[in-house]
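Coordinate inspection notes
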Amino acid sequence: MEGIVIYCLVVIFSGMVASKPSYPCRLQSRMIQLVETVEQLKSCVNDTDPALLPTPENNEKHCEEAAFKCFQEAQLKPSDHQEKKMRFDTLIKQLRRRLPRKEANKTKPKCPPCDSFKGKPPHEFLNSLRSFLQKVFLLLFSITFFYMWGLDSSCWDH
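What this report covers is the structure whose coordinates are included nearby. Bear in mind the structure is a predicted one, so any value in this text is a computation, not a measurement.

A full pass over the atoms with the stated rule returns two disulfides. Each disulfide pairs two cysteine sulfurs, and for Cys-63 the partner residue is Cys-111, the sulfurs being separated by 2.1 Å. Taking the sign of the torsion about the S-S bond as the criterion, the disulfide between Cys-63 and Cys-111, at about -95 degrees, is left-handed. Of the two residues, Cys-63 is situated in the loop between β1 (53–54) and α3 (64–73) and Cys-111 in the loop between α4 (82–96) and β2 (119–120); the sequence distance between them amounts to 48 residues. Neither Cys-63 nor Cys-111 differs from the other in exposure class; each is buried. In this model Cys-70 forms its disulfide with Cys-114; the gap between the sulfur atoms is 2.0 Å.

Written out as structure tokens, the structure reads:
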């Protein structure tokens, strides 16, 4: 009986001591979820809407966060089907959730405003968003790889 109590206490305390996942790992998980969300949005969005959505492409270095905000703020419209509208609302909420926090940059880069980007139809917009998320994910994966192996990736910034 004492063994079970001790075992339970060890499990409880080890859960309390366990560190929370690092920023790159949390962000990678979020990126994977976002790619899946974008894929699901494709079936719920009104593709006949004539409005063009500003689509960030060829982002400047260190402007990934600003580009993502542009994607988040785009005015996508749901399809006319009632069931798809409800699913659309859920997916848009997932898309607009904030990314995990990282250490604040001391200097904010000067990034182009959202309205400066060329407009695209909804499905092209979503394809560009998926491509953007995949690029960011690959970048994070390489950073995490170097971080895990203790390699200095600072030479990549030059």
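Here the focus is the layout of surface pockets. Roughly 250 Å³ of volume is contained in the second largest pocket. Among the secondary structure elements, those contributing two or more residues to the lining of the second largest pocket are α3 and α5 (122–148). Ranked by residues supplied to the lining of the second largest pocket, first place goes to α5 with six residues. Residue classes in the lining of the second largest pocket are distributed as five nonpolar, four polar and five charged.

What counts, and at which threshold
- Residues numbered from 1 in each chain as written.
- Predicted model: local features only at pLDDT ≥ 70, side-chain atom pairs only at ≥ 80, totals over all residues.
- Heavy atoms only, no water.
- Disulfide = S-S within 2.5 Å.
- Helix = DSSP H or I, 4+ residues; strand = E, 2+ residues; numbered from the N terminus.
- Buried < 20%, exposed > 50% of the residue type's maximum accessible area, 1.4 Å probe, protein only.
- 1 Å grid on protein atoms, 1.4 Å probe; cavity = no way out; pocket = protein on both sides within 12 Å on 5 of 7 lines; lining within 4 Å.
- Points joined across faces, edges and corners; volume = space filled by probe spheres on them.
- Nonpolar A, V, L, I, M, F, W, Y, C, P; charged D, E, K, R; others polar.

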